[in-house]
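An overview of the molecular structure
One-letter residues, chain by chain:
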Amino acid sequence: MSSFSHNKETAEHYLQRFLQSTTGHFINGQMVANGNAETYDNLSPINNESLGRVVAGRVEDMDAACTAAEDAFPAWRDMPGQERKKLLNHFADLIEARAEEIALVESSDCGQAIRFMKQAAIRGAANFRFFADKAPEAQNGLALHQAEHTNYTLRSPIGPVGIITPWNTPFMLATWKIAPALASGCTIVHKPAELTPLSAMLLAEIAHEAGLPDGVWNTVNGFGETVGKRLSEHPAIRAVALVGESATGSHIMRQGADTLKRVHFELGGKNPVIVFDDADFDRALDAVVFMIYSLNGQRCTSSSRLLVQNSIKARFLDALEARVKHLTVGHPLDPNTEVGPLVHKGHYEKVMSYMDIAKEDGATVRAGGTARKDLGNGNYVSPTLFTEANNQMRIAREEIFGPVLTSIGFDTEEEAIALANDTDYGLSAYIWTNNSGRAMRMARAVEAGMLWVNSENNRNLPSPFGGIKMSGIGRDGGDYSFDFYMETKNVCIAHGTHTVPVLGA
Ligand code: NAD
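What you are looking at is a predicted structure, and each value in this text was computed from that prediction instead of being measured.

**Description of helix H3 (residues 81-97)**
The α-helix advances 3.6 residues per turn, and as a result positions three or four apart in sequence lie on the same side. For H3, with 17 residues, the first-to-last C-alpha span of 24 Å sits near the 24 Å given by 1.5 Å per residue. Restricting attention to buried positions, one finds in H3 the residues Gly81, Arg84, Leu87, Leu88, Asn89, Phe91, Ala92, Leu94 and Ile95. In this fold, the buried residues of H3 make contact with helix H2 (59-78), helix H4 (99-110), helix H6 (120-134), helix H7 (170-184), helix H8 (198-210) and strand S9 (217-219).

Structural data, given as structure tokens:
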């Protein structure tokens, strides 16, 4: 049997259960599927057929989850870090044991090609192990000395937190946000994206199997405007971590204002990749292709704006066009597929609308620009390259979030910086040059939370991850995550020698 047939057959087996019973919530250690609840169809990106019914959670469901997280918090907070470390490492073992299931379910639910989703469980488990190992030292602080006083700081978990995740790589992102929260000693309520609820339920099952105490992990399915909104308003929830669109970040800020929520936002991007004529041409070409066409272009750090120096523009775009036209679009479970279907019909229509917008604005569609109806009733789009664009066009300003690249030429370093920074976003940037001085100047001048020189997006868990401008607030990774999920208390102790002010003597 080919590995494609094996994948399809095995995926069918794992997906059966979602077709047979409605996907509900996981609240206070119990799977909850309220019999009278409103439900919706979770549609497959591959053929737009139902993968099963999902409960559209109500405010009452979210309230129950937040109360469970609140009740479970004191015991979880007080559990020694060494014990949390053991539990969370066990969690990682269980993720790895279900790696094939996670990869196949995730690929089928969100349309990402299996060649990339094979790593989902391994990366998710790595997120858990990394933060598990840090749990015992998460409360550590600083000692700050004065002549007659000594200060020291303590960190304690902030309380129950809300984790709101998107549909693009739902499993990996959920583990990335939840692992540090639990390692800190926070309890969580997870609100997965309504378009991709399946792998979140696998995670909830693993939470149960791993032996997390009831209420430490809660998952509520449903829509952003109802349960997501309630999560960000709920008085028991001390902080909300969102990965999603910039507009959703604004909503959550407003919704959380009355309860003064601490927020951490990882939002959209229109990230530039800047290729100078002194760069390693072939490596730059590989990275440019990889960083927009992998993961269907549905990736926050995708380099969706190519800024290429005019002296090599013609040669670079010729080579790029050939590569884009050669990309293999197809069923996400086919190991040969490089670009799969987009997550949902609505998103597919949004991405397709930019094909007309590009032409109206006067750009050239150098490759792609069409739907791939020949692949069936799924949300397939040809990988697309727009050239002859300028930075004022909507295709250069708006996050398309599909396998669509907009290229713009530039002459000088100053012009490249001005173009790179002329955007509302500031998540990531990629610089390709063999001139180390230029690399250092660009690293300083380009406005982005993360910048890679001569590399595609390289993951390093201790490094800070996050954006500036409309791309986000706050940083994840290493100790940055603990700063978000924990409160710092300063304790000031007098040595008994200083003069206390005397009043009313
Ligand atoms: P989205 O903002 O539409 O949805 C994200 C989550 O927010 C979903 O769970 C949704 O139900 C919820 N939500 C929506 N409205 C809400 C509200 N009013 N209150 C509370 N919750 C609400 O985003 P999406 O379309 O699912 O994901 C794609 C977006 O995510 C893109 O903009 C992408 O760039 C961004 N993203 C950013 C990063 C990053 O690290 N910066 C990573 C991945 C994705």
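**Section: the sheet that holds strand S12 (residues 272-275)**
In any sheet, the strands associate via hydrogen bonds between backbone groups, in a parallel or an antiparallel arrangement. If you walk across this open sheet you meet the 7 strands as S14-S15-S16-S13-S12-S17-S18, and the pairing is mixed. In the strand order of this sheet, the two ends are held by strand S14 (364-367) and strand S18 (450-453), each with one partner. For this sheet the average axis-to-axis angle between neighbouring strands, irrespective of direction, equals 25°. In terms of strand pairing, S12 meets strand S13 (residues 305-309) through 4 bridges, oriented parallel. Residue pairing across strands places Ile274 opposite Leu307, the latter belonging to S13. The strands that helix H12 (residues 310-326) touches are S12, S13, S14, strand S15 (384-387) and strand S16 (404-410); relative to S13, the one it contacts most, it runs at about 140°.

**Brief notes about the packing of H3 against H6**
Following both chains from N to C, one finds H3 and H6 inclined at 170°, their axes separated by 8 Å at the closest point. The angle between H3 and H6 falls in the class roughly antiparallel. Contact residues: H3 offers Lys85, Leu88, Asn89, Phe91, Ala92, Asp93, Ile95 and Glu96, while H6 offers Ala121, Gly124, Ala125, Phe128, Arg129, Ala132 and Asp133. Here the contact of H3 with H6 is composed, by residue class, of 8 nonpolar, 2 polar and 5 charged.

**Here's the deal with the side chain of Arg438**
Take Arg438: it is sitting in helix H16 (residues 436-445). Residue classification places Arg438 among the buried positions, given a relative accessible area of 13%. Setting aside residues no more than four positions away along its own chain, Arg438 makes contact with Phe276, Asp278, Glu413 and Thr433.

**Some remarks on a nonpolar patch on the surface**
On the surface, Tyr152, Leu154 and Ile493 cluster together into a nonpolar patch covering about 240 Å² of accessible area. Tracing the chain through its elements places Leu154 in strand S6 (residues 149-157).

**Side note on the environment of Asp483**
Structurally, Asp483 is set in helix H17 (residues 478-485). Along the chain, Asp483 and Ile158 lie 325 residues apart, while their C-alpha atoms are 9.7 Å from each other. Setting aside anything within four residues of it in sequence, one finds Asp483 in contact with Arg155 and Arg262. Here Arg155 takes part through its side chain, which lies 3.1 Å from a polar atom of the side chain of Asp483.

**With respect to the sheet that holds S6**
Strand order in the open sheet made by the 3 strands is S5-S6-S20, with antiparallel pairing throughout. At either end of the open sheet lies a strand with only one pairing partner, and these are strand S5 (143-145) and strand S20 (486-494). Recorded for the sheet is a direction-independent mean angle of 20° between the axes of neighbouring strands.

**Examining the nonpolar core**
Trp217, Val275 and Leu320 are the most contacted members of the largest nonpolar core, which totals 98 residues. In contact with Trp217, not counting residues within four places along its chain, are Phe26, Phe91, Phe128, Ile178, Leu182, Ile188, Leu203, Ala204, Ala207 and Leu212.

**Describing the site of the ligand**
Close to the ligand lie 29 residues; Lys191, Glu194, Thr248, Leu267 and Glu399 are nearest. Between Glu399 and the ligand, the recorded distance is 2.6 Å, taken from a side-chain N or O atom to an oxygen atom. With the chains in place, 94% of the 840 Å² that the ligand exposes on its own is no longer accessible. Looking at the shell around the ligand, the elements with two or more residues in it are helix H9 (224-233), strand S10 (239-243) and helix H10 (246-255). With 4 residues, the single largest contributor to the shell around the ligand is H10. Here the residues of the shell around the ligand are counted per class, giving 14 nonpolar, 9 polar and 6 charged.

**Re the packing of aromatic side chains**
All chains considered together, the criterion is met by 13 aromatic pairs. For the pair Phe276 and Phe410, a centre-to-centre distance of 5.3 Å together with 75° between the ring planes defines the contact as edge-to-face. Here Phe410 lies in strand S16 and Phe276 lies in the loop between S12 and helix H11 (281-293), a separation of 134 residues in the sequence. Of the two residues, Phe276 and Phe410, neither departs from the other in class, the shared state being buried.

**Points about the packing of helix H15 (residues 413-421) against H16**
Contact geometry of H15 with H16 gives a least axis separation of 10 Å together with a crossing angle of 30°. Here H16 runs roughly parallel to H15, going by the angle between their axes. Judged by the sense of rotation from one axis to the other, the crossing of H15 with H16 is right-handed. In this structure, H15 uses Glu413, Ala416, Ile417 and Asn421 to contact H16, whose residues at the interface are Arg438, Arg441, Met442 and Ala445. Looking at the contact of H15 with H16, its residues break down into 4 nonpolar, 1 polar and 3 charged.

**Comments concerning empty space enclosed by the protein**
All chains considered together, the criterion is met by 4 cavities of 30 Å³ or more. For the largest cavity, the lining is made up of 14 residues, of which Ser302, Ser304, Glu399, Ile400 and Phe401 are closest to its centre. Taken together, the residues of the lining of the largest cavity sort by class into 5 nonpolar, 6 polar and 3 charged. Taken as a whole, the second largest cavity spans an internal volume of roughly 40 Å³. Among the residues making up the lining of the second largest cavity, the classes are represented as 6 nonpolar, 3 polar and 1 charged.

What counts and what doesn't
Residues numbered from 1 in each chain as written. Predicted model: local features only at pLDDT ≥ 70, side-chain atom pairs only at ≥ 80, totals over all residues. Heavy atoms only, no water. Helix = DSSP H or I, 4+ residues; strand = E, 2+ residues; numbered from the N terminus. Expected span 1.5 Å × (residues − 1). Buried < 20%, exposed > 50% of the residue type's maximum accessible area, 1.4 Å probe, protein only. Contact = heavy atoms within 4.5 Å. Pairing = 2+ DSSP bridges. Axes fitted to C-alpha atoms, helices over the stretch in contact; angles between N-to-C directions. Parallel < 35°, antiparallel > 145°, perpendicular 65-115°, else oblique. Nonpolar A, V, L, I, M, F, W, Y, C, P; charged D, E, K, R; others polar. Patch = residues over 30% accessible without salt bridge, like charges linked within 9 Å, V, L, I, M, F, W, Y side chains within 5 Å. Areas by Shrake-Rupley, 256 points an atom, 1.4 Å probe, with all protein chains shown as cover. Salt bridge = Lys/Arg side-chain N within 4 Å of Asp/Glu carboxyl O. Polar contact = N/O pair within 3.5 Å; in protein donor to acceptor, adjacent residues only side chain to side chain. Core = buried A, V, L, I, M, F, W, Y, C linked by side-chain atoms within 4.5 Å. Near = heavy atom within 4 Å. Phe/Tyr/Trp six-rings, centres within 6.5 Å; stacked < 30°, edge-to-face > 60°. Left-handed = near helix turned anticlockwise from the far one by under 90°. 1 Å grid on protein atoms, 1.4 Å probe; cavity = no way out; pocket = protein on both sides within 12 Å on 5 of 7 lines; lining within 4 Å. Points joined across faces, edges and corners; volume = space filled by probe spheres on them.

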